[in-house]
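These are the residues of each chain, in order.
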Amino acid sequence: MSPARIVRVSGALVEAVPLEGASLFELARVGERRLLAEVIRVAGERATLQVYEDTAGLRLGEPVDLGGHGLTAHLGPGLLGSVLDGIGRSLAATAARTGDYIHPGITAETLDPERRFEFVPGARTGERLTGGDVLGHVEEQPGFVHPILVPPGLEGTLDSIRPGNFTVGEMVGSLDDGTKLRLAHDWPVRRPRPFQRRLAFDRPFLTGQRVFDFLFPAAEGGTVAVPGGFGTGKTVIEQSLAKYAEADVVVFIGCGERGNEMAELLSDFPDLVDDRSGRSLMERTVLIVNTSNMPVAAREASVYLGITIAEYYRDQGRRVAVVADSLSRWAEALREIAARLQEMPSEEGMPTYLGNRLGKLYERAGRVEALGRPQRVGSLTFVGAVSPPGGDFSEPVTQASLRVAGGLWALDPTLAHQRHFPAVDLEASYSLYAAGLMEWFANATHDDWPSVRSESLRLLQLERDVREIAGLVGPEALQEGDRFILEIGRIVREIVLSQSAFSEHDAASPLEKTYRLATLAHRAYRAGLASLERGRAPDPAALEGVGRMLASVRDAPFEDLDARVADAEAALERMGGGS
Amino acid sequence: MTAVGRTYRGASAATGPLIFLERAHRIALGEWVLIELEKETTWRGQVIDAGEEITVIQVFEEPYGLPPAQVKISLTGRVATAPVGRELLGRALDGAARPIDDLPAPVGEAMVPVWGAPMNPARRSRPAEFIETGLSAIDGMNTLVCGQKLPIFSGAGLPGLEIAAQIVEHARAPRGERFAVVFAAMGITARETDSFLRRFDESGALERSVVYVNEARDPTIERLLVPRMALAQAEFLAFKQGFDVLVIMADVTHYCEALREIGAAREEIPGRRGYPGYMYTDLAGIFERAGILRELEGSVTLLPVLTMPDDDITHPIPDLTGYITEGQIVLSRELARRAVNPPIDLLPSLSRLMNAGIGRDRTVPEHRIWADELYAVYARGREARLMASIVGESGLGKGDRVALTFADRFEEDFVGQGSERRSLHQTIELGWRLLETLPRSELIRIDDETWTRRDAQRGEAR
Ligand SMILES: Nc1ncnc2c1ncn2[C@@H]1O[C@H](COP(=O)(O)OP(=O)(O)O)[C@@H](O)[C@H]1O
Ligand SMILES: [Mg+2]
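Note that the structure is a prediction, hence the values are computed from the model and not measured.

1. A closer look at the site of ligand 1
Of all residues adjacent to ligand 1, which total 15 residues, the nearest are G231, K234, T235 and V236 of chain A together with R352 of chain B. The local environment of ligand 1 is shared, drawing residues from chains A and B. For ligand 1, an oxygen atom lies 3.0 Å from a polar atom in the backbone of G233 of chain A. Here an oxygen atom of ligand 1 sits 2.6 Å away from a polar atom, N or O, in the side chain of R352 of chain B. In the complex, 92% of the free accessible area of ligand 1, which totals 560 Å², lies under the protein chains. No other element matches the 3 residues that helix α3 (residues 234–244) of chain A contributes to the shell around ligand 1. For the shell around ligand 1, the residue count by class is 6 nonpolar, 7 polar and 2 charged. Split by domain, the residues of the shell around ligand 1 number at least three in each of domain 3 (199–437) and domain 4 (445–575) of chain A.

Listed below in structure tokens is the structure:
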């Protein structure tokens, strides 16, 4: 067979002949600059490839060489703290080669090939091992133990193992069939990593955002979709999760979004301290960055890469959070490629398999018992931003997400325009996990967490109804009881549930603070109702006082919480009917 | 691209802005093409689909009188380039980089590819330097910073371009003297260009500007080239010469229409409202060229102007733009009708990078709280205005009535500043004065510390 050569270049796609031997999703090197590409269609001797780098300048007749395997992630210690592009090239290594701008045709490792880790063996020679068993460990970051696992799919008797200071590529042991074991291994990004079994969604994924933790809690291992038009606060939410959410490892996938947002993360994260470990936030973070102006095919791949890295830490027994910003850009990359393939489109030009592929992505989340011994439980929680065109949720990516996600945090542009953040639409949002998590909240916080929550939800519903009426007749025409509902509803929404990401002390809210604020408002509500029952309207000035006190509880440092709560209780007392 | 040029006789077909070439060899995607008819007429083109059977070339000039079978087609072996350099400051060029100011053609310091490469995100530096535009609605409420891309969403007949011009006249960059402007006119009318350039000239901004002009009467497809040429120039001034460069582009809507024309000619499956499915990616290729690099001096700040068709902010052009840019300044027909000038509607307006550029050491310490409070009261006033239109003002509660009065004043005095230039401190002071018309108990965002500072300031002022 003569060597394959390019016969067509169109956008991110290249066609080449003769390539009848190619298999789907096989990697290839394209052109004289050897750009990385993936086979996505084979028809007779002609194969179509999507190219992960800029195709401008690719010339007809240039060579194409198949690589024999699919796109893989290079998994090993040293991922934490790294910044990778959509196909796993370290952006620092890329910069060292091509400077300030990214030019096609460079190779750059995911993991630093020079960096050494002190490997401490755990398994013994002669031991029978299968995929997922712990071979030993290294310390990836100070205080962060990184178990080295037998890659899934391998099996055999341990023939040799040695302690020492190794690079990720060096052999640390071998199996009896001669298989070499190293600190790092490759895994195809499109194939989910196997696990033992799924576990129940019985504990929350705590976000530090009151509106979520209190009203629409996500489960550890669960999935949440966050749709919202531009400027509604998706990215700020995703960044807040990356900063404050209860997780051991965070994989942030910047998929088709802004370069300056990535610059912001890169400038903030190294200096932010993770309260749990006392170390830099960057040390628990992997950033995957494929901005909107970087190649679309790599944008499509970036989400798979991020999830694969997350599964790798999950398998070690870690609680991993994946935040993807934005899944719509991933879907648009699919659409761009499908359109060039002249595939029959469905709604909004999206390919017919959009729902299917999106479902498979979400399904890679879960809380699981990992493969191998010793027993480990790990989780992968997935929160994906969705950017609906024109802010209209009836579009395919939002709808496909709703079919599979366990939670919906819907964002509302009207609230965002009023600078009410997080701009969560309380009516449209939901969590299918909430019922299953109430037991955990009651045990971990206070017995009445579930009842305060459900009564607050009812109050908010009531307030919406009254507001609707007020919009027709004017607030002055309302009965006293209804006016009270409006006032107290406003306090709950604007003080208890709103949270500025830029606030000094309130960017993240510990559970205890969330509980205190929610219960204080709830008690004010009960007190107001009681006083109405006695035929007396709650004093507006007292209510205003309660609002101010709650605001001061909210904005105070956490250490002052108890003192401020006591003040607020006094204000409640003045309103009549403290407890 | 290093291959040498080759010449072909005759294209196989032409439709609209495209010509098709059969059985061409060694063609590269993006290759620059010259199409000649008997040495008299030349069209410029670019390969947008390279194929052994059929190659598609997009033609930048109008293809009037282009006989496909008779033209000579030269593949140049290189990509589109343009001359850039400091000597272009003060010059006005057309979409082919030819002078339109009766001066000789510029040579430039370098010829650079106009289709830029993406910045390595790891090499970007976070934009944080405040640019004073002189407009309260921007400086106070939606602060612009160096390296940001902040579009103006205008409407037919609304003064988007005028506001851009006003910003150019008034802008004070943090480092003053090394400040340049690049203006790309894309499909706007001659009248608009003239009035824009006249204002530039009068304010002395012209000598630190490079102007690229493609007007409504100029070739449509050239509009795809013009903003990129302007950005290549801006990048050179910024990152080779250390200038802070402000790039104004108008009108992005005409640019998108040119993009749609190409898509239709290629019989592509259209996306929303007939615009190509890759419009997001294409626009990102332009807007993302704004920014700052860690190890270099200058910056590229982008102020594109677009017209929302039918004033509809959900139309794909403003929608995709808003998804890419770091905020938007939205103009409102209703405010314009009430003679609020500039008619900036603050509710949908946003600067995503504001926070990095304000506060202690940058503007004033209370900037964030001050703006939040103004936003809160104004938003409440707007809500009240809406309600009053249904139930009448008398049906409003007391708090709503107060907020409504505030909103009226705020629009008139604060937003509607006319052509006056306000320093940031004047803006902040005016905001305070308006807030102080309300009882302090209503202003729950402002903490005691801020009040103390404010009171002390006022004491000094007296
Ligand atoms: N929780 C928040 N607190 C304060 N401001 C917020 C918050 N969320 C969003 N914002 C404001 O809204 C802007 C847009 O938010 P962003 O997350 O970038 O929107 P999106 O990603 O949905 O387009 C931010 O730049 C910020 O000014
Ligand atoms: Mg965003």
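2. Quick word on the nonpolar core
Residues and elements named next belong to chain A. Counting residues in each nonpolar core, the largest one holds 78 residues, and the members touching the most others are W409, L497 and L550. Element by element, the count of residues in this core is highest for helix α13 (residues 511–533), at 9 residues. Two domains each provide a minimum of three residues to this core, namely domain 3 (199–437) and domain 4 (445–575). Those residues in contact with L550 that lie beyond four places of it in its chain are I491, I495, V496, L517, L520 and A521.

3. A short note on the packing of helix α12 (residues 480–496) of chain A against α13 of chain A
Think of two packed helices as two axes; the pair is described by the angle between the axes and how far apart they sit. Residues and elements named next belong to chain A. α13 packs onto α12 with a crossing angle of 175 degrees between their chain directions and a minimal axis gap of 10 Å. Between α12 and α13, the angle is such that the two are roughly antiparallel. Contact residues: α12 offers E480, G481, F484, I485, I488, V492 and V496, while α13 offers L517, A518, A521, A524, Y525, G528, L529 and L532.

4. Details of helix α4 (residues 259–268) of chain A
A turn of α-helix holds 3.6 residues, and therefore any two residues three or four places apart point the same way. Residue and element names in this part refer to chain A. With 9 of its 10 residues buried, α4 lies for the most part within the structure. Inspection of α4 places G259, N260, E261, M262, A263, E264, L265, L266 and D268 among the buried residues, and these make up the whole buried set. Packed against the buried residues of α4 are β8 (83–84), α3, β22 (249–255), β25 (285–290) and β26 (319–325).

5. What to know about the domain arrangement of chain B
Each assigned domain of chain B is listed with its residue range as follows: domain 1 (2–79), domain 2 (82–357) and domain 3 (367–461). Computed from C-alpha coordinates alone, the two centres of domain 1 of chain B and domain 3 of chain B are separated by 60 Å.

Criteria and cut-off values
- Residues numbered from 1 in each chain as written.
- Chains lettered and ligands numbered in written order.
- Predicted model: local features only at pLDDT ≥ 70, side-chain atom pairs only at ≥ 80, totals over all residues.
- Heavy atoms only, no water.
- Near = heavy atom within 4 Å.
- Polar contact = N/O pair within 3.5 Å; in protein donor to acceptor, adjacent residues only side chain to side chain.
- Areas by Shrake-Rupley, 256 points an atom, 1.4 Å probe, with all protein chains shown as cover.
- Helix = DSSP H or I, 4+ residues; strand = E, 2+ residues; numbered from the N terminus.
- Nonpolar A, V, L, I, M, F, W, Y, C, P; charged D, E, K, R; others polar.
- Domains from an automatic or database assignment.
- Core = buried A, V, L, I, M, F, W, Y, C linked by side-chain atoms within 4.5 Å.
- Buried < 20%, exposed > 50% of the residue type's maximum accessible area, 1.4 Å probe, protein only.
- Contact = heavy atoms within 4.5 Å.
- Axes fitted to C-alpha atoms, helices over the stretch in contact; angles between N-to-C directions.
- Parallel < 35°, antiparallel > 145°, perpendicular 65-115°, else oblique.

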